[in-house]
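# Results of the structural survey
Below, each chain spelled out in residue letters.
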Amino acid sequence: MAIRVFKSSEEASRALAEYFVATGNEAIAARGRFAVALSGGSSPKKLFELLAADYRDQLAWDKVDFFWGDERYVPHTDPNSNYLMAKKALLDPLDIQPAQIFAVDTSLSPSEAAAAYTRTMQRYFDSENSLPLDLDLLGLGDNAHTASLFPHTSVLTDESVSVQALYIEEVQANRVTMTAPLLNQARATVFLVYGEGKAEAVRQILEEERDIQRYPAQLIQPENGNVTWFLDEAAASKLTQK
Ligand code: 6PG
């Protein structure tokens, strides 16, 4: 695991953009495609806009396939949709084609959407249980959740390599999320976390004893150990070791 701390969220986002492009070029050279699971929320917006603005020529974007580590169970036109944010900030500006976009179908029921997404990934990787994304881009909530792996929820102990749907009391909404075993198959995993408000959650994940019910992001322990935290100084401010 690596922890990289930057003066600002802009610097952290730019460093992650460099990492994203380097990882993508490696994947495309090795396997012809770059399969990336995007995170949602607001943190990655800067990164997406940066990639679309400054890295258009640094990666064969027509060879990048986009998945989501989790999705809010809302229409794709809803302002809370992780898909919509990525579409506006990244996919449309880079003219990403529909065949490269694997969005959660929230027109189905939550459980059908999750089952359909699991099948989509199994078809993409031509396997039931080996679904190794090239890159997982993850965020962190101030309650130490990542993707939609929220504290004290049933999905935390789900050992299946799959996508699940659940109602999250804490946010009073249905979510669809990759399970930790699926996320942990990724070849590379990054967290992009910035702001003082996340500092305690970052400390909990990285320095507290393992307690996945309280600190779900501790579940993210990629099988190959390749995880990098991109933090600004504010988010790293409560870490005792940097
Ligand atoms: C989501 C995300 C979630 C997010 C964190 C941080 O759908 O909300 O996937 O895991 O990364 O909640 O969100 P912010 O970046 O908005 O703080």
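Residues numbered from 1 in each chain as written. Predicted model: local features only at pLDDT ≥ 70, side-chain atom pairs only at ≥ 80, totals over all residues. Heavy atoms only, no water.

## Quick notes on the site of the ligand
Around the ligand sit 15 residues, and of these Ser-42, Ser-43, Asp-70, Ala-147 and Lys-198 come closest. Contact between the ligand and Gly-40: an oxygen atom at 3.2 Å from a main-chain N or O atom of the residue. Within the side chain of Arg-72, an N or O atom sits 2.8 Å from an oxygen atom of the ligand. Its free accessible area being 410 Å², the ligand has 88% of it covered by the protein chains. Its residues assigned to classes, the shell around the ligand shows two nonpolar, nine polar and four charged. (Near = heavy atom within 4 Å. Polar contact = N/O pair within 3.5 Å; in protein donor to acceptor, adjacent residues only side chain to side chain. Areas by Shrake-Rupley, 256 points an atom, 1.4 Å probe, with all protein chains shown as cover. Nonpolar A, V, L, I, M, F, W, Y, C, P; charged D, E, K, R; others polar.)

## Remarks on the sheet that holds strand 1 (residues 2–6)
On the basis of which strands lie adjacent, the open sheet formed by six strands has the order 1-9-8-5-2-3 and parallel pairing. Because the sheet does not close on itself, it has two edges, and the strands there are strand 1 and strand 3 (64–68). Across this sheet, the average inter-strand angle for adjacent strands is 20°, counted without regard to direction. Judged from the five bridges that link them, strand 1 and strand 9 (residues 227–232) form a sheet pairing that is parallel. Each residue of the ladder has a partner; that of Ile-3, found in strand 9, is Trp-229. Contacts from helix 2 (residues 44–54) reach strand 2 (34–38), strand 5 (135–138) and strand 8 (189–193), with the element oriented near 130° to strand 5. (Pairing = 2+ DSSP bridges. Helix = DSSP H or I, 4+ residues; strand = E, 2+ residues; numbered from the N terminus. Axes fitted to C-alpha atoms, helices over the stretch in contact; angles between N-to-C directions. Contact = heavy atoms within 4.5 Å.)

## Focus: the packing of helix 1 (residues 9–31) against helix 2
The N-to-C vectors of helix 1 and helix 2 enclose an angle of 55°; their axes lie 9 Å apart at closest approach. In terms of orientation, helix 1 and helix 2 fall into the oblique class. When the axes of helix 1 and helix 2 are compared, the crossing they make is right-handed. On helix 2, the residues that touch Ser-9, Glu-10, Ser-13, Arg-14, Leu-16, Ala-17, Phe-20 and Val-21 of helix 1 are Lys-46, Leu-47, Leu-50, Leu-51 and Asp-54. (Parallel < 35°, antiparallel > 145°, perpendicular 65-115°, else oblique. Left-handed = near helix turned anticlockwise from the far one by under 90°.)

## Things to note about the pairing of strand 5
Of the two faces of strand 5, the one carrying Leu-135 and Leu-137 and the one carrying Asp-136 and Leu-138 are both buried. Judged from the two bridges that link them, strand 2 and strand 5 form a sheet pairing that is parallel. Pairing of Ala-37 across the sheet is with Asp-136, part of strand 5. In the sheet, strand 5 pairs with strand 8 via three bridges, with the strands oriented parallel. Looking across to strand 8, one finds that Asp-136 is bridged to Thr-189. (Buried < 20%, exposed > 50% of the residue type's maximum accessible area, 1.4 Å probe, protein only.)

## Quick notes on the UniProt feature "domain: Glucosamine/galactosamine-6-phosphate isomerase" (unreviewed entry) in the chain
Here the UniProt-annotated "domain: Glucosamine/galactosamine-6-phosphate isomerase" (unreviewed entry) positions come out as residues 8–229. The span residues 8–229 is 33% helical and 17% strand by assignment, and the distance between its end C-alpha atoms comes to 14 Å. (UniProt positions renumbered as here; feature names shortened; annotations may be inferred.)

## A word on the nonpolar core
Judged by nonpolar contacts, the single largest core of 84 residues is most densely connected at Phe-66, Met-121 and Met-178. The biggest single contributor to this core is helix 1, with nine residues. Sequence-distant contacts of Met-178, defined by excluding residues within four places in its chain, comprise Ala-37, Phe-67, Trp-68, Gly-69, Tyr-117, Met-121, Leu-133, Leu-149, Ser-162, Val-163 and Leu-183. (Core = buried A, V, L, I, M, F, W, Y, C linked by side-chain atoms within 4.5 Å.)

## A closer look at the pattern of salt bridges
Charged atoms that come close allow side chains of opposite charge to pair. Per the counting criterion, the structure on display carries 13 salt bridges. A salt bridge links Glu-233 to Lys-7, with the shortest nitrogen-to-oxygen separation between them at 3.3 Å. Of this pair, Glu-233 sits in helix 7 (residues 233–236) while Lys-7 sits in the loop between strand 1 and helix 1; the two residues are 226 residues apart in sequence, bridging distant segments of the chain. For Glu-233, a relative accessible area of 39% gives the class partly exposed. As a salt-bridge pair, Asp-92 and Lys-87 come within 2.8 Å of each other at their nearest N and O atoms. Residue Lys-87 is classed as partly exposed on the basis of its relative accessible area, which comes to 27%. (Salt bridge = Lys/Arg side-chain N within 4 Å of Asp/Glu carboxyl O.)

## What about the pairing of strand 9?
Where burial is concerned, most of strand 9 is hidden: six out of the six residues are buried. Of the two faces of strand 9, the one carrying Val-227, Trp-229 and Leu-231 and the one carrying Thr-228, Phe-230 and Asp-232 are both buried. The pairing of strand 8 with strand 9 spans five bridges and is classified as parallel. Within strand 9, the position partnered with Val-193 by the bridge is Leu-231.

## Details of the packing of aromatic side chains
In this description, an aromatic ring pair is defined by two values, namely the gap between the centres and the angle between the planes. If you walk through the whole model with that rule in mind, you get eleven aromatic pairs. On the numbers, 6.2 Å between centres and 0° between planes, the contact of Phe-6 with Phe-230 is stacked. Residue Phe-6 is found in strand 1, and its partner Phe-230 is found in strand 9; the two are separated by 224 residues along the sequence. You'll find Phe-6 and Phe-230 in the same group, each marked buried. Between Phe-102 and Tyr-124 the ring centres are 5.3 Å apart and the planes differ by 75°, which places this aromatic pair in the edge-to-face class. Of this pair, Phe-102 sits in the loop between helix 3 (82–91) and helix 4 (110–125) while Tyr-124 sits in helix 4; the two residues are 22 residues apart in sequence, bridging distant segments of the chain. (Phe/Tyr/Trp six-rings, centres within 6.5 Å; stacked < 30°, edge-to-face > 60°.)

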